[in-house]
Amino acid sequence: MTRKQPQDLRSARWFAPDDLRSFGHRSRMMQLGYAEEDFRDKPIIGVLNTWSGLNTCHSHFPERVEEVRRGVAQAGGFAVEMPALSVDESFTKPTSMLYRNLLAMETEEIIRSHPLDGVVLMGGCDKTTPGLVMGAISAGVPMIFLPAGPMLRGNYAGKTLGSGSDAWKYWDERRAGNISDDEWIGIQGGIARSAGTCMTMGTAATMMSIAEALGLTLPGASSIPAVDSGHQRMSAACGRRIVEMVWEDLTPDKIITDAACRNAAIVAMATGCSTNAVVHLISMARRAGIDLSLDDLDALGRVTPLIANVRPSGKDYLMEDFYYAGGLRALMNELRDSLDMTALTVTGKSVADNVEGAVVYNDDVIRPKSNPVYHEGSLAVLRGNLCPDGAVIKPAACDPKYHVHEGPALVFDSYPDLKKAIDDENLDVTPDHVLVLRNAGPQGGPGFPEWGMLPIPKALIKQGHRDMLRISDARMSGTSYGACVLHVAPEAYIGGPLALLKTGDIVRLDLPARRLDMLVDEAELARRRAAWQAPAPRFERGYGYMFSRHITQANEGCDFDFLQSDYGRTAGEPDIF
């Protein structure tokens, strides 16, 4: 492999020439307290840090930045911290998904506009992983992803708690009157008790696993608990490795290939991934010029068993257990017959090299393919007259009796209307009803919020029911579960068929046949379509205005159309005069 020379570094354009502009750049570096020998002829590494004072998933990042700096310095590089949009899941409203693409744009432009030879991407909270990776793919410099890692297991009153999943579970019990105020406060304090992301196989854990399966992390990095000392060592190792990647010119286009995306999809299915994996994996692949589709993902899901026994698709374990059982290296080793083991990774080596010697230490957490949690993968893609462009469901996380179901629709046009109705103990609803929320998609939400795990009506909760078929054009948290059909496309807000459904219409789900239909004749649907009126725009100015005009639908990854690789030529290096 031919190694770069110092004069070939991208940053040399800023610092090397003997002219007034480079004099100014070097002078400002000295103003920061650095001597020329600190940064001249060295790879300058941007450490893109998505920390914020409200992002609980990344509360350990100020310390991890220093570990990365240490590694970069050890390898002979020069690290600079670059703050990036935090898009935390807990506090960003109406949804962090509204701002994923803004993070991707910021990432791309931070890299392009600054003298950075390579980048360490520090993320983990749900949308930060795809946002950072999408932007870095488009920018094209060497990059390595540093996963935030999961938090420790939750605990209350001797019970293990899983973030998100148990929040939903115990909220239903509280609505049923089975949990006291003191117990509720105890659960609230015990369910999230350290730095790190949700420790169920939610969106954060899913996307960190996908990043590793794509070859973008160091081997085993995706499941190290955030507060484990191994996470500190991994952070320093990221700093060392990115310097070598710069000298090797190991850029994202050499790593994110068709094979890598297929590997990532298979691993996602085997882990019991979040439904959000569909949207993010499609968008990341398309940034790399790879036309990954819903049908591709469904085909892989049909032949990939779910072997990670981690909640919510699994029954008993959390990410901490998954790490102790061998982590993603062990899971990928179990899948080696299904994966392209020759795919290149950020180590400069193949997947086969990275998983060599990986051992499963608990085969109830990481199951052999002969004893899966579920015989197919985590997700299934549906088609039908309600979702001609697709919808997704998580079969292993719902009651099997709903895999084939027919019942009358109970339709709501907004979340406030839904919430008011489900809290009415006199609501006329049965377990056979199909609860429907629409106008919650990419444009309708706005931003595609995680409203799709629709609460069970209180009238049914009181009767002991804990699941029913629910349909929406929204997303749901990866920590959620139940018979929830999501990402209905096209969304109702732009006139998709879901907009034509009426309360009382019969809806049929046939999961084995991958069908979702409303049993309404075409003539009646044509009359409804002619009478449908588009709702008022959500935004009239600002970022939201741009978002609403350029966001693609769920089946296309919800990227901005003008950011996809087929839209036009990527901007070149900036002029420096």
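Residues numbered from 1 in each chain as written. Predicted model: local features only at pLDDT ≥ 70, side-chain atom pairs only at ≥ 80, totals over all residues. Heavy atoms only, no water.

So, on to the overall build of the chain. Along its length, the chain carries 20 helices and 14 strands. C-alpha atoms of the chain, sized along the principal axes, occupy 80 × 55 × 45 Å. Among the 577 residues that make up the chain, the fraction classed as buried is 61%. By sequence separation, contacts in the chain at least 24 residues apart represent 77% of the contacts at least 6 residues apart. Only carbon and sulfur atoms are counted for the fraction: they give 50% of the accessible area of the chain, which is about 21800 Å². With 59 positive and 73 negative side-chain charges, the chain shows a separation of 1 Å between the mean positions of the two kinds. (Helix = DSSP H or I, 4+ residues; strand = E, 2+ residues; numbered from the N terminus. Buried < 20%, exposed > 50% of the residue type's maximum accessible area, 1.4 Å probe, protein only. Contact = heavy atoms within 4.5 Å. Areas by Shrake-Rupley, 256 points an atom, 1.4 Å probe, with all protein chains shown as cover. Lys, Arg positive; Asp, Glu negative; His and termini not counted. Charge placed at Lys NZ, Arg CZ, Asp CG, Glu CD.)

It is worth spelling out the sheet that holds strand β3 (residues 118-123) at this point. Think of a sheet as strands paired side by side through backbone hydrogen bonds, with each pair either parallel or antiparallel. Pairing in this open sheet of 4 strands is parallel, and the strands run β2-β1-β3-β4 from one edge to the other. Taken across any chain shown, the strands that pair with only one partner, and hence form the sheet edges, are β2 (78-83) and β4 (143-147). The mean inter-strand angle of the sheet, taken between neighbouring strand axes irrespective of direction, is 20°. Of the pairings in the sheet, the one linking strand β1 (residues 44-49) to β3 comprises 5 bridges and is parallel in character. Note on β3: the bridge partner recorded for N49 is M122. Contacting β1, β3 and β4, helix α10 (residues 229-248) runs over the sheet at an angle of about 175° to β4. (Pairing = 2+ DSSP bridges. Axes fitted to C-alpha atoms, helices over the stretch in contact; angles between N-to-C directions.)

Residue placement: R174 occurs in helix α7 (residues 165-175). Once residues lying within four places of it in the same chain are set aside, the contact partners of R174 are I179, S180, D181 and W184.

Within the secondary structure, C558 is located in the segment after α20 (542-550). Residues C558 and G441, 117 residues apart in the sequence, show an inter-C-alpha distance of 9.9 Å. Beyond its immediate stretch of four places on either side in the chain, C558 contacts M97, R100, N101, V279, P442, F448, I551, T552 and Q553.

Bringing the side chain of S165 into the picture now. When you line up the elements, S165 lands in helix α7. The residues touching S165, leaving out its near neighbours within four places in the chain, are T200, R311, P312, T479 and Y481.

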